[in-house]
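Spelled out from the first residue to the last, the chains are:
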Amino acid sequence: MSAGTYTPKPGAAPLPRMIGAQAVLETKMLLRNGEQLLLTVVIPTLLLVLFSSVDIVDTGDGKAVDFLAPGILALAVMSTAFTGQAIATGFERRYGVLKRLAASPLPRWGLMTAKTLSVLVTEILQVILLTVIAFALGWSPEGNPFAVLLLLVLGTAAFSGIGLLMAGTLKAEATLAAANLVFLLLLIGGGVVVPLDKFPEAAQNVLGLLPIAALSGGLRDVLQDGAMMPWGDALILAVWAVLGLGAAARFFRWE
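In this report, we go over the structure that sits alongside the text. Because the structure is a prediction, the values reported are computed rather than measured. (Residues numbered from 1 in each chain as written. Predicted model: local features only at pLDDT ≥ 70, side-chain atom pairs only at ≥ 80, totals over all residues. Heavy atoms only, no water.)

## Description of the overall build of the protein chain
Turning to step 1, where the next piece is worked out: Assigned secondary structure in the protein chain consists of ten helices and zero strands.
Turning to step 2, where the next piece is worked out: Helices (α) and strands (β) of the protein chain occur, in sequence order from the N terminus, as α-α-α-α-α-α-α-α-α-α.
Turning to step 3, where the next piece is worked out: Over its C-alpha trace the protein chain gives a radius of gyration of 20 Å, about what one expects of a compact globule, namely 18 Å for 255 residues.
Turning to step 4, where the next piece is worked out: For the C-alpha atoms alone, the extent of the protein chain along its principal axes is close to 75 × 40 × 35 Å.
Turning to step 5, where the next piece is worked out: By the burial criterion, 45% of the 255 residues in the protein chain qualify as buried.
Turning to step 6, where the next piece is worked out: Across the protein chain, contacts joining residues at least 24 apart in sequence account for 82% of those joining residues at least 6 apart. (Helix = DSSP H or I, 4+ residues; strand = E, 2+ residues; numbered from the N terminus. Rg over C-alpha atoms; globule rule 2.2 N^0.38 Å. Buried < 20%, exposed > 50% of the residue type's maximum accessible area, 1.4 Å probe, protein only. Contact = heavy atoms within 4.5 Å.)

In structure tokens form, the structure reads like this:
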């Protein structure tokens, strides 16, 4: 045994390893949380199966699943990037977890990167599950996969910014209530299961500017109608992403 074999080597691990380890931890905590699992997996799955199998809402011509699947994919993104992340981050802030992590070798932007990676991993699992179920229900998607990917990324950025802004400025209990309320309101009025043309024309103009409406509408244009790229919806999501992430970076309080 050579000298120095067991000599301590203090210091932080390489940054990519720290971010990766934190991302794995964040993903495990997210998937083990019963309430988050309900929001991210159970509710979107039940809505997809129920509204595709029972004629409750008039979704227009064609199979109901062709209309519903893109909206449910948008709902899955919102449930993870916005609702789930806002609630989890809000309570981490309340219990002092973020304050302690901010004092660790992992920089604050690294922590946010790890949280973002956790959201993306969870969304990949959601999309795979919902796609399999939709295919089993007879879904026949069309369109450009790149356009779908771009819309999902923009939607994730938009909802993540709003969620972090809420978690970093409100108390944990207020974040919990507000995030669930917003989730419910956007589920009803965001074009997820009820077409926007069922609302009054004045309301349609306002609802169409919401990120969930832009994401569900854009995905529907691509996957149901075969559009190449709905640039109008992509622009709305990009604006929400810039405003949300910018405001979160400016006003987020770590304790």
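## A word on helix 6 (residues 145–169)
Turning to step 1, where the next piece is worked out: Between its terminal C-alpha atoms helix 6 stretches 36 Å, which fits the 36 Å expected from 25 residues at 1.5 Å a residue.
Turning to step 2, where the next piece is worked out: Backbone nitrogen of Phe146 and a side-chain oxygen of the N-cap are separated by 3.0 Å at the start of helix 6; the cap is Asn144. (Expected span 1.5 Å × (residues − 1). Polar contact = N/O pair within 3.5 Å; in protein donor to acceptor, adjacent residues only side chain to side chain.)

## A short note on helix 1 (residues 15–32)
Turning to step 1, where the next piece is worked out: Here helix 1 spans 26 Å end to end across 18 residues, near enough to the 26 Å set by a 1.5 Å rise per residue.
Turning to step 2, where the next piece is worked out: Among all positions in helix 1, only Met18, Ile19, Gln22, Ala23, Glu26, Thr27 and Leu30 are buried. The arc enclosing the buried residues of helix 1, seen along the axis, measures out at 165 degrees, which places them on a common side. For helix 1, the exposed residues lying more than 90 degrees away from the buried face are Arg17 and Arg32. (Arc of directions from axis to C-beta.)

## Quick notes on the packing of helix 1 against helix 5 (residues 108–136)
Helix-helix packing: each pair is described by the crossing angle between the helix axes and the interaxial distance.
Turning to step 1, where the next piece is worked out: Their axes nearest at 8 Å, the elements helix 1 and helix 5 cross at an angle of 50 degrees. Taken together, the axes of helix 1 and helix 5 lie oblique to each other. In this structure, helix 1 meets helix 5 at a crossing whose hand is right-handed. Judged by residue contacts, Leu15, Ile19, Gln22, Ala23, Glu26, Thr27, Leu30 and Leu31 of helix 1 engage Trp109, Gly110, Leu111, Thr113, Ala114, Lys115, Leu117, Ser118, Val121, Thr122 and Leu125 from helix 5. (Axes fitted to C-alpha atoms, helices over the stretch in contact; angles between N-to-C directions. Parallel < 35°, antiparallel > 145°, perpendicular 65-115°, else oblique. Left-handed = near helix turned anticlockwise from the far one by under 90°.)

## Overview of the packing of helix 3 (residues 64–94) against helix 5
Turning to step 1, where the next piece is worked out: Two numbers describe how helix 3 lies on helix 5: the axes approach to 10 Å, and their chain directions differ by 150 degrees. What the angle tells us is that helix 3 and helix 5 run roughly antiparallel. Here the hand of the crossing between helix 3 and helix 5 comes out right-handed. Contacts between helix 3 and helix 5 involve Val65, Ala69, Ile72, Leu73, Ala76, Val77, Ser79, Thr80, Ala81, Gln85, Thr89 and Glu92 from the first element and Lys115, Val119, Thr122, Glu123, Gln126, Val127, Leu130 and Ala134 from the second.
Turning to step 2, where the next piece is worked out: Taken together, the residues of the contact of helix 3 with helix 5 sort by class into eleven nonpolar, six polar and three charged. (Nonpolar A, V, L, I, M, F, W, Y, C, P; charged D, E, K, R; others polar.)

## Structural notes on the environment of Gly138
Turning to step 1, where the next piece is worked out: Position of Gly138 among the secondary structure elements: in the loop between helix 5 and helix 6.
Turning to step 2, where the next piece is worked out: For Gly138 and Lys63, which are 75 residues apart along the polypeptide, the C-alpha to C-alpha distance reads 8.2 Å.
Turning to step 3, where the next piece is worked out: What Gly138 contacts, discounting residues up to four positions off in sequence, is Lys63, Val65 and Asp66.

## Section: the side chain of Arg220
Turning to step 1, where the next piece is worked out: Tracing the backbone shows Arg220 in helix 9 (residues 211–223).
Turning to step 2, where the next piece is worked out: Notably, Arg220 is buried but unbridged: the nearest opposite-charge side chain belongs to Asp221, and the N-O separation is 7.4 Å.
Turning to step 3, where the next piece is worked out: Within the structure, the side chain of Arg220 is placed 2.9 Å from the backbone oxygen of Phe67, a separation counted as a polar contact.
Turning to step 4, where the next piece is worked out: The residues contacting Arg220, other than those within four sequence positions of it, are Phe67, Pro70, Gly71, Gly191, Val192 and Asp225. (Lys, Arg positive; Asp, Glu negative; His and termini not counted. Salt bridge = Lys/Arg side-chain N within 4 Å of Asp/Glu carboxyl O.)

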